[in-house]
Amino acid sequence: RPCHDPLPTWALPAAWRPASVYAVTGDTTSVAGGRLSFVLGLQGPCVSVDTACASALAALHGAWVAVRAGECGGGVASAVSLKLSPLPTLGAAAAGMLSVDGRCKTWDARANGYVRSEGVGSAAVAAGAARVALGSVAVRQDGRSASLTAPNGSAQRMLLGAAWGAASVASGAVEAHGTGTALGDPTEAGSMASAYGGWREAALVVGTAKASIGHSEAASGQAGICKVAQQL
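What counts and how
Here the residue numbering is sequential within each chain, running from 1 through the sequence in written order. For a predicted model such as this one, the threshold for reporting local features is a pLDDT of at least 70, and the threshold for listing and counting side-chain atom pairs is 80 or more; totals across whole chains, interfaces and linings nevertheless cover every residue. For side-chain calculations, the full set of non-hydrogen atoms in the structure is used, while hydrogens and water are omitted. Where helices and strands are cited, they refer to DSSP runs of H or I of at least four residues and of E of at least two residues respectively, numbered from the N terminus. Throughout, exposure labels follow a simple rule: accessible area from a 1.4 Å probe, protein chains only, divided by the maximum for the residue type, with under 20% read as buried, over 50% as exposed, and the rest as partly exposed. Here a residue-residue contact requires only that any non-hydrogen atoms of the pair lie within 4.5 Å. With residues, only the protein chains shown are counted as cover, and all accessible areas are computed by Shrake-Rupley using a 1.4 Å probe. Helix span, expected: 1.5 Å multiplied by one less than the number of residues in the helix. Confidence scores here are pLDDT values: one per residue, from the predictor, ranging 0 to 100. Salt bridge criterion: a side-chain nitrogen from Lys or Arg within 4 Å of a carboxyl oxygen from Asp or Glu.

### Some thoughts on the overall build of the chain
Helix and strand counts for the chain come out as 9 helices and 4 strands. Ordering the α and β elements of the chain from the N terminus gives α-α-α-β-α-β-α-α-β-α-β-α-α. A buried classification covers 29% of the 232 residues belonging to the chain. Taking all contacts inside the chain whose residues are at least 6 apart in sequence as the whole, residues at least 24 apart take part in 71%. Surface exposure of the chain reaches about 14,400 Å², of which carbon and sulfur atoms provide 60%.

Following this line, the structure appears as structure tokens:
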């Protein structure tokens, strides 16, 4: 075609078409959180969190901190994970991360990978609850480990020790990460046994929602919180 007569937009390949304002804002994580504050009229700290599988819990921790610091009278921590494209699943499968039979076998010798699932949920944080609960909250990072996705047992032990030490409880329950992988599960179980068994004699109940509903990744912590709330 002559250069002065360009192809109409509808005739262009999808990757070449100009993005609409809805595509730009809809693909920006900061807008997602800001949109909720806009709709609900919330004026406290508004933060979009991406810490991979810990996103929901890191967001909830941030809400606790903000409420306890008096930055707002209450908070809402929401998380969502939707599988709208097959590409991440194909990539995870190619990397050998997913269970070939589609079953999450946490704490099982047959564990052969995790199962992707979708999830969405919200948790409200009240001022009184934040003052009580924050004393037993701890957030850490694995730091340097064997690989980008390999867990660091030493870092996990330090995290668990900090959380249990602040909680000052004689016994308890853990909603574990428990993805059903041959590397992650033994490391997490060993970290819990070391951190808890070294200075506690009471039994520790351990479970994970992923064994029943799969791994909703960014929203998985929200499912765990809901499960723990039901237990309490």
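### Description of helix 2 (residues 29-40)
With 12 residues, helix 2 extends 17 Å between its outermost C-alpha atoms, agreeing within 8% with the 16 Å of an ideal straight helix rising 1.5 Å per residue. Following helix 2 by one or two positions, Gly 41 adopts a phi angle in the positive range, close to 70°.

### Quick word on the confidence of the model for the chain
In low-pLDDT regions, the fine details of the predicted coordinates are not to be read closely. Taken as a whole, the chain shows an average pLDDT of 85; of its residues, 84% reach a score of 70 or greater. For the chain, the element scoring lowest by mean pLDDT is helix 5 (residues 127-133), at 60; helix 8 (residues 210-213) scores highest, at 94.

### Description of the pattern of salt bridges
Inspection of every chain in the model, using the stated rule, returns 5 salt bridges. Of the charged contacts, one joins Arg 116 and Glu 217 as a salt bridge, the two residues approaching to 2.8 Å between their closest N and O atoms. Taken together, the positions of Arg 116 in the loop between helix 4 (87-94) and strand 2 (119-126) and Glu 217 in the loop between helix 8 and helix 9 (220-231) put the pair 101 residues apart, joining distant regions of the chain. Residue classification places Glu 217 among the buried positions, given a relative accessible area of 14%. Lys 227 is the salt-bridge partner of Glu 175, the closest N and O atoms lying 3.1 Å from each other. Of this pair, Glu 175 sits in strand 3 (residues 172-175) while Lys 227 sits in helix 9, and the two are 52 residues apart along the sequence. You can call Glu 175 partly exposed: its relative accessible area is 24%. Take Lys 227: its relative accessible area is 25%, and that puts it in the partly exposed class. Each member of the salt-bridge network shares a partner with another, and the members are Lys 83, Arg 116 and Glu 217.

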